[in-house]
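Here are the chains, one letter per residue:
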Amino acid sequence: MTLNHGRHTLAIPGPSIMPDRVMQAMHRAAPNIYTGELIDLAATLVPDLKAVARTKHKVAMYIGNGHAAWEASLVNVLATGDTVLVPATGNFSHGWAGMAERLGITTQVIEFGRRSALDPALVAEALDADKSHKIKAVLCVQTDTATSAKSDVAALRSAIDATGHPALLMVDCIACLGCDEMQMDDWGVDVMVAGCQKGLMTPPGMSFVFFNDKAAEIRAKMERVSSYWDWTPRADPEQFYQYWCGTAPTHHLYGLRVALDMIVHEEGLEAVWARHATLARAVWAAFEAWEVGGPLELNLANRAIRSNAVTSVRIGAPTGTQLRNWLTEQAGVTLGIGLGMATEEDPQSDGFFRVGHMGHLNSHMLLGTLGSIQAGLNALQIPHGGGALEAAAQVCAAGADDTADLTVGASGSCCG
Ligand SMILES: *Cc1c(COP(=O)(O)O)cnc(C)c1O
C-alpha cells in the first residue's frame, strides 16, 4: 500500500509549483506573432518585471533558462581577458564563475564555503588591493540555492562604494526574485539576472537581465557582443521580434502575464515577500525542533543569512536520499537533492536534501510537506526532536494575523 495517490507536490528549489491559472492561460491555440493581442501583451510585461526587480532601468527578456541569463549578463559587459571578483557562497556562485571562465574571463574567487554568507569586508579588501582596476565586476549570488545562504546585497554595495572601486555589481536573483527582498535601484545593483520558473511561478523557459545606465554605458563601449545575446535591441525593440531575436515564446508570455498579475497587481510584492518570510520561518521552526537529538541539521545555523526561498538540510549519508525516496514514493512530495555538497565520504551528496518554498505556496501546502517529512522521519526511525509541526503551525497562525490580505482575489486558492 502507498499513500501517495493524490496531487504530487514538488518541493524542490525550482521549478516551483505553477499556479493552475498560469497553466490555464498557456493552454490555447497558437497566437499570431505579427499583429494583435500578443504584441500588446508583451509590452505590458516590461513594467511589471521592473516592478518586481524594483528598478526604473531596463530589462532584456531571453528565451532560455537561468544559465542563458548568466551568459547574457556576462557577454554584454565583459570581454575575454577581463577579471571578475566572485565572493562564492555555494554551487551557483561557482557555476556563474565557471561560465565566465569559459568566456576567457579571469575569475578571482573569494571562497566563503558552504555554510556562510559572504563578508562584504573581504570583498572590499580585494577591491582595495586592485589598484589598477583590473576587476571589472563583482558577481554575487543573492540566494545560493545549494547552500540556501542569502547575501546582504545592500551591505555589499556599501562596502564596494567605500573603496571607490568602479567595478560593476552584478547579482544573480534567479532563486529568490519574488521571495527575498530585492531593491535593485536603491541597493545600487548594476546588473541583475532572474529566471521565470522559481519565484515568478512560470514554467522554465524565460529569463531576464536587468541593467542600469552604468552597465548600458559599458555595453556601448564593448568592441563586440554577439547579436543573439545583445541586450540593447531586446530592451528597446523597434519591432516585436527584437524582444526575442526571433520568434516569441508565445505561450510563456500568457503564463507570465498571469503570474505577474498575481504577484504585482493582486497580492502585491511586499505581501508576497511577507508571505515567504512567514513560510520560511515555519520551515525553520520545524527543522530547529527536529534538529534536537538526531542527525538532522540545518545547513545554516544563523537565521539572518537564510533565504526565504529554499532551505538546505544535512542529515548524513545515505539517510538524506532514503528520506527523499520515501517521501516521493509514500507521501507524494518530492524534496530537492543536495547540490554541490559532495565530500570524500559522501560523493553523491546523499546526506543532504533541500526544501523549496518559493513561488505559489500557502501554509496548507507547506504544512503538508512538513507533516510528510515528520511521517518519513517516523517511518524510517530517524531520531529527531519533537514539537516540530506544532512549532510550524504556530508560526503560520501568528503570521496570518499581519498578512490578512493573503486571501485577496483568486491567488489565495491553491492547486485544485
Ligand atoms: C536555478 C538557479 C540557476 C540556474 O538556473 P537554470 O534555469 O537552471 O539555468 C542559477 N542561479 C541560481 C541562484 C539558481 O537558483
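How each quantity is defined
Residues numbered from 1 in each chain as written. Predicted model: local features only at pLDDT ≥ 70, side-chain atom pairs only at ≥ 80, totals over all residues. Heavy atoms only, no water. Helix = DSSP H or I, 4+ residues; strand = E, 2+ residues; numbered from the N terminus. Buried < 20%, exposed > 50% of the residue type's maximum accessible area, 1.4 Å probe, protein only. Contact = heavy atoms within 4.5 Å. Areas by Shrake-Rupley, 256 points an atom, 1.4 Å probe, with all protein chains shown as cover. Lys, Arg positive; Asp, Glu negative; His and termini not counted. Charge placed at Lys NZ, Arg CZ, Asp CG, Glu CD. Near = heavy atom within 4 Å. Polar contact = N/O pair within 3.5 Å; in protein donor to acceptor, adjacent residues only side chain to side chain. Nonpolar A, V, L, I, M, F, W, Y, C, P; charged D, E, K, R; others polar. Salt bridge = Lys/Arg side-chain N within 4 Å of Asp/Glu carboxyl O. Pairing = 2+ DSSP bridges. Axes fitted to C-alpha atoms, helices over the stretch in contact; angles between N-to-C directions. Core = buried A, V, L, I, M, F, W, Y, C linked by side-chain atoms within 4.5 Å. Domains from an automatic or database assignment.

Let us now look at the overall build of the chain. Summing up its helical and strand segments, the chain has 13 helices and 14 strands in all. Dimensions of the chain along its principal axes, counting C-alpha atoms only, are 60 × 55 × 40 Å. Counting across all 416 residues of the chain, residues that qualify as buried make up 56%. Taking the intrachain contacts of the chain between residues at least 6 apart in sequence as the baseline, contacts between residues at least 24 apart amount to 73%. Surface accessibility of the chain: about 16500 Å² in total, with carbon and sulfur atoms responsible for 53%. A gap of 3 Å separates the mean positions of the 29 positive and 43 negative side-chain charges of the chain.

As a further point, take the site of the ligand. Taken together, 13 residues lie near the ligand, and His67, Thr145, Asp172, Gln197 and Lys198 sit nearest. Between the ligand and Lys198, the relevant distance is 2.6 Å, taken from an oxygen atom to a side-chain nitrogen or oxygen of the residue. Starting from 380 Å² of accessible surface for the ligand in isolation, the protein chains cover 89%. When residues in the shell around the ligand are grouped by element, the largest group, three residues, is from helix 3 (residues 66–77). Within the shell around the ligand, the residues separate by chemical class into five nonpolar, six polar and two charged.

Going through the model one piece at a time under the given rule, you end up with 15 salt bridges. Across the salt bridge formed by Glu270 and Arg54, the nearest N and O atoms sit 3.2 Å from each other. Taken together, the positions of Glu270 in helix 10 (residues 269–290) and Arg54 in the loop between helix 2 (37–53) and strand 2 (58–63) put the pair 216 residues apart, joining distant regions of the chain. Of the residues examined, Glu270 reaches a relative accessible area of 51% and is grouped as exposed. Arg303 is the salt-bridge partner of Glu288, the closest N and O atoms lying 2.8 Å from each other. Of this pair, Glu288 sits in helix 10 while Arg303 is found in the loop between strand 11 (297–298) and strand 12 (310–314), placing the two residues 15 residues apart along the sequence. Overall, Glu288 belongs to the partly exposed group, its relative accessible area being 26%. Bridged by salt links that share partners, the residues Asp48, Arg257 and Asp261 form one connected network.

When you line up the elements, Ala25 lands in helix 1 (residues 20–26). It is 9.2 Å that separates the C-alpha atoms of Ala25 and Leu253, two residues lying 228 residues apart in sequence. Once you skip the residues sitting within four places of it in the chain, Ala25 turns out to touch Tyr254, Gly255 and Val258.

Before going further, it helps to spend a moment on the environment of Gly399. If you trace the backbone, Gly399 turns up in helix 13 (residues 388–402). The exposure class of Gly399 is buried, given its relative accessible area of 5%. Sequence-wise, Gly399 and Phe92 are 307 residues apart; in three dimensions their C-alpha atoms are separated by 31 Å.

What follows concerns the pairing of strand 10 (residues 206–211). With six of six residues buried, strand 10 is to be regarded as a mostly interior element. In the sheet, strand 9 (residues 191–195) pairs with strand 10 via five bridges, with the strands oriented antiparallel. Each residue of the ladder has a partner; that of Val193, found in strand 10, is Val209.

Taken in spatial order, the five strands make up an open sheet running 1-13-14-12-11, and their pairing is mixed. Both outer strands of the open sheet, strand 1 (9–11) and strand 11, are each paired with one neighbouring strand and no more. Inspection of the sheet shows strand 12 paired to strand 14 (residues 352–356) by five bridges, in the antiparallel sense. Note that in strand 14 the partner of Thr311 across the bridge is Val355. Contacts from helix 11 (residues 319–331) reach strand 13 (333–337) and strand 14 within the one sheet, and its direction differs from that of strand 13 by about 155 degrees.

Turning to the pairing of strand 8 (residues 168–172), a few remarks are in order. In summary, the side chains of a regular strand alternate between the two faces of the sheet. Of all five residues making up strand 8, five are buried, and the element is well covered by its neighbours. Neither face of strand 8 is left uncovered, since the one carrying Leu168, Met170 and Asp172 and the one carrying Leu169 and Val171 both have all their residues buried. As paired strands, strand 8 and strand 9 are joined by three bridges and run parallel to one another. Bridge assignment links Met170 to a residue of strand 9, and that residue is Val191.

We now examine the nonpolar core. Among the nonpolar cores identified, the biggest contains 58 residues, and Met182, Met192, Phe208 and Leu253 are the most heavily contacted of them. When we break this core down by domain, the ones giving at least three residues each are domain 1 (9–16 + 268–415) and domain 2 (21–265).

Checked against the element boundaries, Val141 lands in strand 5 (residues 135–141). With residues near it in sequence (within four places) discarded, Val141 still touches Thr89, Phe92, Ser93, Trp96, Ser151 and Asp172.

This part takes up the sheet that holds strand 4 (residues 106–111). If you walk across this open sheet you meet the seven strands as 2-10-9-8-5-3-4, and the pairing is mixed. Each end of this open sheet is capped by a strand with a single partner; those strands are strand 2 and strand 4. In this sheet, neighbouring strand axes are inclined to one another by 20 degrees on average, regardless of whether the strands run parallel or antiparallel. Its contacts with the sheet put helix 4 (residues 91–102) on strand 3 (83–88), strand 4, strand 5 and strand 8, and the angle it makes with strand 3 is roughly 165 degrees. Packing of helix 6 (residues 153–163) onto the sheet brings it into contact with strand 5 and strand 8, and relative to strand 8 it is tilted by some 165 degrees.

This is a description of form; function is not addressed.
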